[in-house]
Amino acid sequence: MDKYDLENKKISFNIFILPLFISVIMALVKMIEIKYGYNFGIYGLFPKDVKSLVGIVLCPFIHGSIHHLFNNLIPLFFLLSAMIHFYDKLAYYIYILIHILGGLLLWFIGREVYHIGASGIVYGLATFMFFSGIFRKNIQLLSFSLLITFLYGSMVWGIFPETVKPGTSWEAHLSGAIVGSILSIIFLKKGPQKKKYDWEDEEENDEDNEKYVYEIVNN
């Protein structure tokens, strides 16, 4: 079976390993903050500060509150698990690129305050999955794109400063969305493609036969 044959592909526990690992790290960071009174916010990403470049890697694991943590952790777990299921090993490269490039773009365009949280990655994964489904015209991916629209359609308002709550990093949302959209185009030929069904071949054969008959008649 083709590893990208999504119709017959079964859900494996392996798709949850990385999302679970990331979720545990995020939860542990928050637990340590609460138990020992630490504030890891200073290890977040501070735009245009060279010393804060390490925040590109660290900021998605740091959250301001339990509510903030779960708002990011649940969709991140769901979207990353789905991407690993659909894209197999390619998903890990996509995740790393969204994490790093999204953070780097935020470092350039963000307000000069500390940015924390994994929402940029969530936006990157959601836009990558959404546009990949549309561009590839794969039935399973299109179905998942519709599900993303249904569950997270309101996320689009999170990239505009006028429509987010004060203190929310709309720049992180925008950075993730831009990177996810671009990667969906760059990796368009990688991973699952539009599946060709037998009835499509039959239609093409019928069209070829009609063309052949037409040519004979006109000759």
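The rules we used
Residues numbered from 1 in each chain as written. Predicted model: local features only at pLDDT ≥ 70, side-chain atom pairs only at ≥ 80, totals over all residues. Heavy atoms only, no water. Axes fitted to C-alpha atoms, helices over the stretch in contact; angles between N-to-C directions. Helix = DSSP H or I, 4+ residues; strand = E, 2+ residues; numbered from the N terminus. Parallel < 35°, antiparallel > 145°, perpendicular 65-115°, else oblique. Left-handed = near helix turned anticlockwise from the far one by under 90°. Contact = heavy atoms within 4.5 Å. Nonpolar A, V, L, I, M, F, W, Y, C, P; charged D, E, K, R; others polar. Salt bridge = Lys/Arg side-chain N within 4 Å of Asp/Glu carboxyl O. Buried < 20%, exposed > 50% of the residue type's maximum accessible area, 1.4 Å probe, protein only.

Draft legend 1. Quick peek at the packing of helix H4 (residues 90-109) against helix H5 (residues 119-136). The contact between H4 and H5 brings their axes to 9 Å, and the two run at 130°. Classified by the angle between their axes, H4 and H5 sit oblique to one another. Judged by the sense of rotation from one axis to the other, the crossing of H4 with H5 is right-handed. Contacts between H4 and H5 involve Ile94, Tyr95, Ile98 and His99 from the first element and Ile121, Gly124, Leu125 and Phe128 from the second. Classifying every residue of the contact of H4 with H5 by side-chain character gives six nonpolar, two polar and no charged.

Draft legend 2. The arrangement of the pattern of salt bridges in detail. This model, assessed by the stated rule, comprises two salt bridges. Glu33 is the partner of Lys30 in a salt bridge, and the nearest nitrogen-oxygen pair spans 2.7 Å. Taken together, the residues Lys30 and Glu33, both in helix H1 (residues 17-36) and three residues apart, mark about one turn of the helix. By relative accessible area, which is 8% here, Lys30 ends up buried. Owing to a relative accessible area of 6%, Glu33 belongs among the buried residues under this scheme.

Draft legend 3. Examining the environment of Trp107 more closely. Within the secondary structure, Trp107 sits in helix H4. With relative accessibility at 12%, the residue Trp107 sits in the buried group. Placed 61 residues apart in sequence, Trp107 and Phe46 show a C-alpha to C-alpha distance of 6.7 Å.

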